[in-house]
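Take a look at the letters that make up each chain.
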Amino acid sequence: MFKAIIIGGSAGSFQVISKILQHLPKDIPVPVFLVLHRLKHVRLGFVEALSIKSNIPIKEPYDKETFQKGIAYLAPANYHMYFDFGNKITLSTEEQVNHSRPAIDISFMSAAYLFQDKLIGVILSGANKDGVKGMVSVQEMGGVTIVQDPKDSQIDTMTQGTLNVMDPDFVLNQKEIASKLIELLK
Amino acid sequence: MGLEFYQISIQDYKRIISLLDENYGIDVSYYSKIVFRHRMTILMNYYKIKDIETLLSRLEKKQLTEDQIYQFLYIPITEMFRDPAFWRVLIDILKNHDKSRKIRIMFSGGFARNKELFSLLILLKELNIEDYVELTVTTPFLISDNLLSVTLSKQKFELSQTNFNRLKLPMIDFAKYFDKDYVGNYKFKYLSDYIKTINDVSHDFMKDAMVRKQDIIFFRNQLLYFSLPKDAIIIRNLAQTLRPKGLLFLGIRERINNPADFKLKLVNDSEQIYSKL
């Protein structure tokens, strides 16, 4: 039984994330963590835009907030997002990693360590290689890995970069990702 | 070369904090465990330490200095005037403050470096209200001055300048507050001469409140780095250091769950500003 889904993306991933959130069931039995590269000083609008079609509530967590199933947690702009024992989210203002804050690698590594083989990691379209090491970590800890097909990615640096260093469990186009997540959670 | 990540187990984490305590007298038992482990991976990258065993060995043999360790426990400065919306709120508060008495502002240092303090000093100067301010700077640790200085790369300087310009103050030459060095970095000029009253004190808010009450306390993005049971102690002591109606500034993603327990009230949700009841 899985305990969490974590999804990372950058340029070209918004529509895909939106589509995934639209199809996830309201009673999804795990929390969903979203780590998306975004403009650091634009605080408002992102959650609202994603919420328009989402089937589950989306929120930006506060530091040390307890995460719950059935909610999507979007990494706040200009903060890194970690996961800790006791179902806590920890934020930090540390230096950028891969020119990014939030950095996908940091969140994926942290989630992989906490959830081990009870994690599903998904990497989507993006224009840099943030997330590649994180996905490797998810796989090394026994989690399930899903990569958006580079041919289906608006920008394939992130997805192709991941495929260059690992063999994921699934390479799927954007229409297939949500149904695969639902299938895995059954 | 990107950052190499190291998974530090709970057992290794315990060995590291024990060695820091025994060999260096550095107590990090209250530091956020998850962030601390990442800080150690950053240190290992910097000093090209290839594995945890080597790190433990170097700590056992004291092959790293105290400063070299503190350098990574402190969170590096990435930009000044972070969250321009917060600084705009602060400008309104300062402009509307009763000028018949000095406003007491306290900047409390935790593990975040002094970018907030230096941003505040620039702001007070630009608002021309430095004579109405009594500033108290508290640090819980005795550390080298070089850890508290600010040197910004060209990129970080430009980002800070952009943040500052978002405050929509009359156009100033932001660069006048910095000395540019020969490699193009910008070193902040400490402005102690601009502020008539700066009380520089060592105080640990994990132990108790300060006797001298304050109108404003800066503690933005510092609770992030303290472990859970400790942050309530710190909030209680900060709240007790506020005058009635005094303001506590936290980071925008830091929140006090039951502010009334600390005799505080949330007065600005988006900027996480609390008022003493």
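Scroll up to find the structure this text is about.
In short, a report on the structure. (Residues numbered from 1 in each chain as written. Chains lettered and ligands numbered in written order. Predicted model: local features only at pLDDT ≥ 70, side-chain atom pairs only at ≥ 80, totals over all residues. Heavy atoms only, no water.)

1. Looking at the overall build of chain B
Scanning chain B from terminus to terminus reveals eight helices and ten strands. Relative to the globule expectation of 19 Å for 277 residues, the C-alpha radius of gyration of chain B, 20 Å, shows essentially globular dimensions. The C-alpha extent of chain B, read off along each of the three principal axes, is 60 × 50 × 30 Å. On chain B, roughly 12500 Å² of surface is accessible, and the fraction owed to carbon and sulfur atoms is 49%. Where the 42 positive side-chain charges of chain B centre and where its 34 negative ones centre are 3 Å apart. (Helix = DSSP H or I, 4+ residues; strand = E, 2+ residues; numbered from the N terminus. Rg over C-alpha atoms; globule rule 2.2 N^0.38 Å. Areas by Shrake-Rupley, 256 points an atom, 1.4 Å probe, with all protein chains shown as cover. Lys, Arg positive; Asp, Glu negative; His and termini not counted. Charge placed at Lys NZ, Arg CZ, Asp CG, Glu CD.)

2. A look at the overall build of chain A
The helix and strand inventory of chain A stands at six helices and ten strands. Along the first, second and third principal axes, the C-alpha atoms of chain A reach 35 × 35 × 30 Å. Across the 186 residues that make up chain A, the buried fraction comes to 62%. Expressed as a percentage of contacts within chain A between residues at least 6 apart in sequence, the contacts between residues at least 24 apart total 69%. Only carbon and sulfur atoms are counted for the fraction: they give 52% of the accessible area of chain A, which is about 7100 Å². (Buried < 20%, exposed > 50% of the residue type's maximum accessible area, 1.4 Å probe, protein only. Contact = heavy atoms within 4.5 Å.)

3. Here's the deal with the interface of chain B and chain A
The interface of chain B with chain A comprises 44 residues on the first partner and 32 residues on the second. Buried area between chain B and chain A, summed over both chains or domains, comes out near 3200 Å², and the portion from carbon and sulfur atoms is 54%. The largest contributions to the chain B side of the interface with chain A come from B:F5, B:I34 and B:R253, which together make up 25% of the buried area. With its nearest N and O atoms 2.9 Å apart, the salt bridge here joins B:E271 to A:R43. (Buried area = accessible area lost by both parts, 1.4 Å probe. Salt bridge = Lys/Arg side-chain N within 4 Å of Asp/Glu carboxyl O.)

4. Structural notes on the pattern of salt bridges
Where charged atoms from two side chains of opposite charge approach closely, those side chains can pair. Counted under the stated rule, the structure contains 24 salt bridges over all chains. Of the charged contacts, one joins A:E60 and B:R253 as a salt bridge, the two residues approaching to 4.0 Å between their closest N and O atoms. Of the two residues, A:E60 sits in the loop between β3 (58–59) and β4 (65–66) while B:R253 sits in the loop between β8 (242–249) and β9 (264–268), which places them in two different chains. Across the pair B:D83 and B:R82 runs a salt bridge whose closest N-O atoms are separated by 3.9 Å. Put simply, B:R82, B:D83, B:E116 and B:R220 are held in one network by salt bridges that share partners.

5. Details of the packing of aromatic side chains
Residue and element names in this part refer to chain B. The final tally for this structure, using the stated rule, is 30 aromatic pairs over all chains. The interplanar angle of 55 degrees and the centroid separation of 5.3 Å between the aromatic rings of Y46 and F72 together place this pair among those described as tilted. Of this pair, Y46 sits in helix α2 (residues 33–46) while F72 sits in helix α4 (residues 66–73), placing them 26 residues apart in sequence. On the numbers, 5.1 Å between centres and 75 degrees between planes, the contact of F86 with F249 is edge-to-face. One end of the pair, F86, is in helix α5 (residues 84–95); the other, F249, is in strand β8, and 163 residues separate them in sequence. Joined through ring pairs, the aromatic side chains of F81, F86, W87, F118, F157, F164, F174, F178, Y186, F188, F218 and F249 make up one cluster. Note that K99 overlies the ring of Y132, its terminal NZ or CZ placed 5.9 Å from the centroid. (Phe/Tyr/Trp six-rings, centres within 6.5 Å; stacked < 30°, edge-to-face > 60°. Lys NZ or Arg CZ within 6 Å of the ring centre and 35° of its normal.)

6. Brief notes about the environment of B:E66
Mapped onto the elements of the fold, B:E66 is located in helix α4. The residues contacting B:E66, other than those within four sequence positions of it, are B:Y24 and B:I26.

7. Some remarks on the pairing of strand β7 (residues 88–92) of chain A
Residues and elements named next belong to chain A. Within β7, four of the five residues are buried, which leaves it mostly tucked inside the rest of the structure. Direction of pairing for β4 relative to β7: antiparallel, over a ladder of two bridges. The partner of E65 across the bridge, within β7, is I89. Inspection of the sheet shows strand β6 (residues 80–84) paired to β7 by five bridges, in the antiparallel sense. What sits directly across from D84, in β7, is K88. (Pairing = 2+ DSSP bridges.)

8. Some thoughts on unusual backbone geometry
Residues and elements named next belong to chain A. At the junction of R101 and P102, the peptide bond is cis and its omega measures out at 10 degrees in the coordinates. Note that P102 resides in the loop between β7 and α3 (104–115). The phi torsion at H99 lies on the positive side, around 60 degrees, for a residue other than glycine.

9. Description of the environment of B:D83
If you trace the backbone, B:D83 turns up in the loop between α4 and α5. With relative accessibility at 6%, the residue B:D83 sits in the buried group. On a C-alpha basis, the gap between B:D83 and B:E271 in space is 8.7 Å, while along the polypeptide they are 188 residues apart. With near-sequence residues (within four places) excluded, B:D83 lies in contact with A:H41, A:R43, B:R220, B:N221 and B:I252.

10. Examining the side chain of B:N268
Residues and elements named next belong to chain B. Its place among the elements puts N268 in strand β9. Take N268: its relative accessible area is 19%, and that puts it in the buried class. In this structure the side chain of N268 is engaged in a polar contact, spanning 3.0 Å, whose partner is the backbone nitrogen of E271. (Polar contact = N/O pair within 3.5 Å; in protein donor to acceptor, adjacent residues only side chain to side chain.)

11. A short note on helix α5 (residues 157–165) of chain A
Residue and element names in this part refer to chain A. What α5 keeps buried is the set M158, T159, G161 and T162. Buried residues of α5, seen end-on, are gathered within an arc of 165 degrees and therefore sit on one face of the element. Those residues of α5 hidden inside the fold are in contact with β1 (4–9), α3, β8 (119–123), α4 (132–140) and β9 (144–148). (Arc of directions from axis to C-beta.)

12. Describing the environment of B:T138
Residue and element names in this part refer to chain B. Within the secondary structure, T138 sits in strand β2 (residues 133–139). The exposure class assigned to T138 is buried, which follows from its relative accessible area of 0%. Sequence separation between T138 and E53 is 85 residues; the distance between their C-alpha atoms is 36 Å.

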